[in-house]
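Here's the letter readout for the chains.
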Amino acid sequence: MGQILGENVKSFVANALHWISAAVFVSTLSLGLYMTSLEFMHPWYNSAPDFHKSTGIAVFFLVAIRSVWRFFFIEPAPIPGGDWKRSVDPILHRGFYFLFFGITFCGYLIPTADGRGVEFFGLFEVPALFSYKEPQEEIAGTLHLSLVFLTLCLALLHTRINIRRCASKFKSLFKLSS
Ligand code: HEM
């Protein structure tokens with residue numbers, strides 16, 4: 001299946017999905033932190049959480065599509081540098097998938113605790129699977145925030161490990177265009 005597409009197309013799609021997911025993740029995170037500080041009378045008090053839930057669900061879909069793409073088409077490039085980086089980075093990668101799915105699943109469990117579904121940009125509704133009321137809302141809320149912070153810590157480590165690879169990619173792009 002991987003032979004049908006050229007190497008350039010495969011890595012372009014994987015890179016595009018990577019950076020789009022990262023951008024949507026950071027926007028969802030910033031909105032999540034911002035919306036919890038809004039006063040009841042603020043005009044975005046209701047719309048900001050609705051938008052947060054929709055972009056959060058979009059992160060779920062993007063990560064799901066990227067994991068399928070990676071599985072079929074992408075052979076991970078070796079990490080330059082010391083041994084610890086080579087062994088830690090693949091573990092981080094797998095960990096990120098679990099964390100993204102964990103964050104979005106816990107996020108989904110917060111508003112659905114009372115039995116109502118979650119709208120995706122008004123296009124369709126994801127139905128509520130469980131409705132254990134307050135205990136569900138509280139436990140899912142705590143897990144949601146804890147997993148977000150764990151992901152941020154691991155993302156810093158991931159950036160530290162891959163910084164040289166990103167820098168050399170940018171340099172080669174610059175050389176090609178000059
Ligand atoms: C990768 C995706 C997501 C990220 C990074 C994220 C991040 C956050 C953050 C940082 C907060 C603030 C937590 C606090 O201060 O207590 C938050 C709150 C919240 N998130 Fe998400 N979220 C994501 C996905 C979702 C999804 C998919 C849903 C629902 C479908 C959701 C529903 C909520 C709700 C309802 C709150 C408010 C919780 C409260 O008021 O205590 N989130 N999110």
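Residues numbered from 1 in each chain as written. Predicted model: local features only at pLDDT ≥ 70, side-chain atom pairs only at ≥ 80, totals over all residues.

**So, the overall build of the protein chain**
Move 1: A count of helices and strands for the protein chain gives four helices and two strands.
Move 2: Overall, the protein chain shows an N-to-C arrangement of helices and strands of α-α-α-β-β-α.
Move 3: By residue count, 13% of the 178 residues in the protein chain fall in the buried class.
Move 4: Restricting to contacts in the protein chain with at least 6 residues of sequence separation, those with at least 24 account for 68%. (Helix = DSSP H or I, 4+ residues; strand = E, 2+ residues; numbered from the N terminus. Buried ≥ 20, exposed ≤ 12 C-beta atoms within 10 Å, placed from the backbone. Contact = placed C-beta atoms within 7 Å.)

**Observations concerning unusual backbone geometry**
Move 1: Phi angles above zero are rare outside glycine, and F121 is one such case at about 45°.
Move 2: Along the chain, F121 falls in the loop between strand 1 (118-120) and strand 2 (124-126).
Move 3: Its identity is not glycine, yet K133 carries a phi of approximately 55°, on the positive side.
Move 4: Among the structural elements, K133 can be located in helix 4 (residues 133-177).
Move 5: Taking the C-beta count within 10 Å as the criterion, K133 has 11 such neighbours and is therefore assigned exposed.

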